[in-house]
Amino acid sequence: VEFTVTPSLSPSEDANKKWANYVQGAILQYLPDLASDETFVMDAAFAGDVPLGSGLSSSASLEVATAVLLEGILGERAFASCSKKEEGATTTTSTTSASAA
C-alpha cells in the first residue's frame, strides 16, 4: 500500500487497504513534529506474531509499531510540538480550606 500523509488525509474505504488506516493514523500524530518544509519517505514492512488472547489487537500492534518506528526516526523531536503547546498554556489552580468548628 502506498500513500501520502497530509493533515487532510481521509481513511481508505478500499477493503484491501483498510488496515493501512491504522498506520496512517499513527503517522498523523507525528506530522506537527516536522518542520513545515520538511518531508520524509519511508518504506515499511510489518510482520508479527501477536498471540491470540494476549490483550493486544492486531490494529493496536500496527499503531504501536508505527509509533516506535517514528519515534526512532524523530528522536527528541517526537511530540515536541505537544511540549510547546503545554509550555504556552497557562493554568490556574485554586485552593480552598475548610476549618472544623
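### Details of the pattern of salt bridges
Within this structure, the stated rule accounts for 1 salt bridge. A salt bridge links Arg77 to Glu38; the nearest nitrogen and oxygen atoms lie 3.1 Å apart. Residue Arg77 is found in the loop between helix H2 (58-74) and helix H3 (80-88), and its partner Glu38 is found in the loop between helix H1 (20-28) and H2; the two are separated by 39 residues along the sequence.

### What to know about the packing of H1 against H2
Interaxial distance between H1 and H2 falls to 8 Å at its minimum, and their mutual angle equals 40°. Considering only the axes of H1 and H2, their crossing is right-handed. Residues Tyr22, Val23, Ala26 and Ile27 of H1 form the contact with H2, whose own contacting residues are Ser59, Leu62, Glu63, Thr66 and Leu70.

### Focus on H1
If you check which residues of H1 are buried, you get Ala20, Asn21, Val23, Gln24, Ala26 and Ile27. On the buried face of H1, the contacting elements are H2.

### What about the environment of Leu62?
Along the chain, Leu62 falls in helix H2. The exposure class of Leu62 is buried, given its relative accessible area of 15%. Taking the C-alpha atoms as reference points, Leu62 and Ala20, separated by 42 residues in sequence, lie 8.8 Å from one another. When sequence neighbours within four positions are dropped, the list of residues in contact with Leu62 reads Trp19, Tyr22, Val23 and Phe46.

### With respect to H2
Here H2 is 17 residues long and its end C-alpha atoms lie 24 Å apart, about the 24 Å a rise of 1.5 Å per residue gives. Among the residues of H2, Ser59, Ser61, Leu62, Thr66, Ala67, Leu70 and Leu74 are the ones counted as buried. Just beyond H2, the residue with positive phi is Gly75, at close to 60°.

### As for the environment of Ser61
Along the chain, the position of Ser61 falls in helix H2. Along the primary structure Ser61 and Tyr22 are separated by 39 residues, whereas in three dimensions their C-alpha atoms are 9.3 Å apart. The residues touching Ser61, leaving out its near neighbours within four places in the chain, are Val50 and Leu56.

The rules behind these values
- Residues numbered from 1 in each chain as written.
- Predicted model: local features only at pLDDT ≥ 70, side-chain atom pairs only at ≥ 80, totals over all residues.
- Heavy atoms only, no water.
- Salt bridge = Lys/Arg side-chain N within 4 Å of Asp/Glu carboxyl O.
- Helix = DSSP H or I, 4+ residues; strand = E, 2+ residues; numbered from the N terminus.
- Axes fitted to C-alpha atoms, helices over the stretch in contact; angles between N-to-C directions.
- Left-handed = near helix turned anticlockwise from the far one by under 90°.
- Contact = heavy atoms within 4.5 Å.
- Buried < 20%, exposed > 50% of the residue type's maximum accessible area, 1.4 Å probe, protein only.
- Expected span 1.5 Å × (residues − 1).

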